[in-house]
Amino acid sequence: MISRQTSLSKNIVQFCRFLRNRGFLLSAEEEATALQSLQFINYSERNIFKQALKAVLCRSLKELREFDKLFNEYWKELEKAIDSKVKTETKPIITQGTEDASFKALKSWLNGNQNIEKEETASYSIGENLSQKDFSAVPVDDLDDLMKSIKALSKRLSAQLNRRYTHSDKVHLPDLRRTLRKNMRHGGELFEIAFKKTKPKRTKLILLCDVSKSMDLYVAFLLQFMFAFQRVFGKIETFAFSTSLENITRLLGQHDFPTALGLLGSRNNNWSGGTKIGESLNDLVQKHARLLNKRTIVVIFSDGWDTGDIPFLERSMETIQRRSKKVIWLNPLAGYASYSPDVAGMQAALPFVDVFAPVHNLESLRKLGRWL
Amino acid sequence: MEKNSYKISLSDIKKMLDEQVYIADDGVCMSVFLSLQLNKPLLIEGPAGVGKTEIAKVMAKAMQTDLIRMQCYEGLDATHAIYEWNYQRQLLHLKMVEHSGQSVDEKEKTIFSQDFLMKRPLLQAITHHRKAVLLIDEVDRSDEEFESYLLEVLSDWQITIPETGTIKATHIPQVILTGNRTRELSEGLRRRCLYLYIDYPDFEKEWLIVKSKVPGIDQKLGVEICRFMQTLRNIKLEKPPGIAETLDWAMALSALHIDYLDKKTVEQTLGVVLKDWKDTRQVQMSLSELFESAGIKSKIDDL
């Protein structure tokens, strides 16, 4: 799509279109700003020119990081065209979309799994079918779409959660009774007004994700969900556990997903190992006691396979339930028709769980909104 | 007209920042320069303690104007950000003119005038007597509703007060927004602004900053501190230390007349650098490795 343009401004406009093709969100307004900015700088100097366009055209960290490469790519291609005739035919640049790279980590993760069924791939049309599909059976080709859906879903879920308190528009309602009382000392002159407003009851969420071996097939999706959800919902603490508990809120918050995933994998050796749910939950009670209160909903993603101390698990669950508003246990295995929660760990935990539900596909994640 | 009053070049900006002892790379200079020239807000993101807020302060100083700061927090609403009527004063005024025989209309006019308006940062910034720098700090902490309101103000540069009408900006302020990426900001807000990301500085830049901000520091100590900080940021900490911590540490050690870094000193003063007990523990345990990878020779080890 790069054809040689003779004037600088035309080239810039074309460069913007090139960026747009690469996933940058640019409108005519940004193009205009870019052109405007030229009058202030010495654009014959390449570095300054690049810096200026970078400052004007990038809108996020992701775009900033990609910019240099794309800039070089574009102008190099352009220089090649300089010897050719003006109005040359369009020269397509073949580059694999950068988007793909970001899912590499996930794909390799999933590639290790044997559950991918080739025959199924052809018959599945993306869209509604995908939301019904078990996470463990998602063909690699559909990953992107699934991730997109997860992102969209988490946005919707958080909006749903937020709506509860944004609805009260009358923030400053005068409180007549308290006003009268307060102003007795001024001889009944209404000098100070007391206000009442609906108390913002912000629900806090604690997400706990089991990352032990038995959860391997689902972890990538759940992490993606937690990652996306954390981005859009403010009051959230995210933990991962296998034999011990780890707070990953910050880690997910400060990096983009592939980096976060890589970091998580590299820094934790007991991931994909055994499970000590009891000990991990006890960690939550002991070390993060301040997080638990009656406005907190605790969501646990786990299959309940536990190699630790079962009575201990029971005790921790009891404390958590007592101290929080609600405990939701989402079990990926519960999606199978024949499933019954007879694993020892699951059985021990069940009495202290308010909602027990499956979480094996998108549809089930969507239902999460109902219980929050 | 306003544009002409700020006829400055890119190199002027660099000089201005230099004069205010703010070590900035080309990207920062360009963003600041263009946001000044194009009259666009500048959105700065980056980890804590890398000097995002500092840019606004430095810009205000460099432009020799006032800095109006608005700290965002959850639940920030219009009355705290824009304006509020001074109810008590209105009431007192009415009491005083009770028997003056003014008509209701007249009274109403007086009590809903400028005198009774309490300006909050946003209104202050657009009605300031000269072009001010408006710093909207940690904008990602505010609620989404507030963000949309901000959008409106940032594009129209006017605020409507139901009782008196619309107030237009006398001078469009230079707006700096900062964020820690605790929440994804809306696309709309992003598009109104120029975007700048400031990361932790590399060794050279950090050493330069330390040198200029802590003038009396011993060369060896300073280099070692910066090396150590660089290594510290490479290991995964809950709260990685920013430049502010480096400077604090450098100042503390310099005040103690220490001229090289050893384990004991580090252990004793770690509280200046790390603010999370888990981090502290982690660093204490791996201190030797840290020293090694930072390339600092410990004198005790030599013995």
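What counts and how
Residues numbered from 1 in each chain as written. Chains lettered and ligands numbered in written order. Predicted model: local features only at pLDDT ≥ 70, side-chain atom pairs only at ≥ 80, totals over all residues. Contact = placed C-beta atoms within 7 Å. Helix = DSSP H or I, 4+ residues; strand = E, 2+ residues; numbered from the N terminus. Nonpolar A, V, L, I, M, F, W, Y, C, P; charged D, E, K, R; others polar. Buried ≥ 20, exposed ≤ 12 C-beta atoms within 10 Å, placed from the backbone. Pairing = 2+ DSSP bridges. Axes fitted to C-alpha atoms, helices over the stretch in contact; angles between N-to-C directions. pLDDT = per-residue confidence, 0-100. Left-handed = near helix turned anticlockwise from the far one by under 90°.

## Regarding the interface of chain B and chain A
At the interface, 28 residues of chain B touch 30 residues of chain A. Contributing elements (two or more residues each) for the side of chain B that touches chain A: helix 3 (26-38), helix 6 (87-96), helix 10 (187-192) and strand 9 (194-197) of chain B. For the side of chain B that touches chain A, the leading source of residues is helix 3 of chain B, giving seven residues. Classifying every residue of the side of chain B that touches chain A by side-chain character gives ten nonpolar, six polar and twelve charged.

## Structural notes on the pairing of strand 8 (residues 174-179) of chain B
Residue and element names in this part refer to chain B. Within strand 8, six of the six residues are buried, which leaves it mostly tucked inside the rest of the structure. Sheet topology places strand 5 (residues 133-137) next to strand 8; four bridges connect them, and they run parallel. For Ile136, the partnering residue across the bridge sits in strand 8 and is Leu177.

## Digging into the sheet that holds strand 8 of chain B
Residues and elements named next belong to chain B. Reading across the sheet, the five strands line up as 2-5-8-1-9 and stay open at both edges, with parallel pairing between neighbours. The open sheet has two edge strands with one neighbour each: strand 2 (67-71) and strand 9. Pairwise comparison of adjacent strand axes, ignoring direction, gives a mean angle of 20° for this sheet. Bridging between strand 1 (residues 42-45) and strand 8 involves four bridges; their strand directions are parallel. Bridge assignment links Leu42 to a residue of strand 8, and that residue is Ile176. Contacts between helix 3 and the sheet are confined to strand 1, strand 8 and strand 9, with strand 9 contributing the most and set at about 160° to the helix.

## A look at the pairing of strand 2 of chain B
All names here are of chain B. Side chains of strand 2 alternate between two faces, with Ile68 and Met70 buried and Leu67, Arg69 and Gln71 left unburied. As defined by bridge partners, strand 2 adjoins strand 5 across five bridges and the pair is classed as parallel. Across the sheet, residue Leu67 finds its bridge partner in strand 5, namely Val133.

## Considerations on the sheet that holds strand 8 (residues 355-358) of chain A
Residue and element names in this part refer to chain A. A sheet is described by the order of its strands in space; here six strands give the open sequence 5-4-3-6-7-8, paired in mixed fashion. Among the strands making up the open sheet, the edge pair consists of strand 5 (245-247) and strand 8. Averaged over all neighbouring strand pairs, the angle between strand axes comes to 20°, with direction disregarded. One ladder, built from six bridges, connects strand 3 (residues 204-210) with strand 6 (residues 296-301); its direction is parallel. Note on strand 6: the bridge partner recorded for Leu208 is Ile300.

## Here we look at unusual backbone geometry
All names here are of chain B. Although it is not a glycine, Gln64 sits at a positive phi angle of roughly 50°. Mapped onto the secondary structure, Gln64 falls in the loop between helix 4 (52-62) and strand 2. Positive phi, normally seen in glycine, also occurs at Trp157, with a value near 55°. With respect to the helices, strands and loops of the structure, Trp157 is situated in the loop between helix 9 (144-156) and strand 6 (158-161). Using a count of 17 C-beta atoms within 10 Å as the deciding quantity, one classes Trp157 as partly exposed.

## What about the confidence of the model for chain A?
All names here are of chain A. Taken residue by residue, chain A gives an average pLDDT of 74. The fraction at 70 or more is 72%. Counted against residues more than four places away or in other chains, residues 86-129, with its pLDDT under 50, gives 51 contacts. Every residue in residues 163-171 scores below 50 in pLDDT, and together they form seven contacts with partners more than four places removed in sequence or on other chains.

## What about the environment of Val50 of chain B?
All names here are of chain B. If you trace the backbone, Val50 turns up in the loop between strand 1 and helix 4. When the 19 C-beta atoms within 10 Å are taken as the criterion, Val50 is described as partly exposed. Apart from residues no more than four positions distant in its own chain, Val50 is found in contact with Ile198, Asp199, Tyr200, Gly242 and Ile243.

## Re the packing of helix 1 (residues 8-21) of chain A against helix 2 (residues 28-38) of chain A
Residues and elements named next belong to chain A. In the contact formed by helix 1 and helix 2, the axes pass within 10 Å of each other and the chain directions differ by 145°. Where helix 1 crosses over helix 2, the two elements pack in a sense that is right-handed. Residue-level contacts link Ser9, Ile12, Val13 and Cys16 of helix 1 to Glu30, Glu31, Ala34 and Leu35 of helix 2. Of the residues assigned to the contact of helix 1 with helix 2, the class counts are five nonpolar, one polar and two charged.

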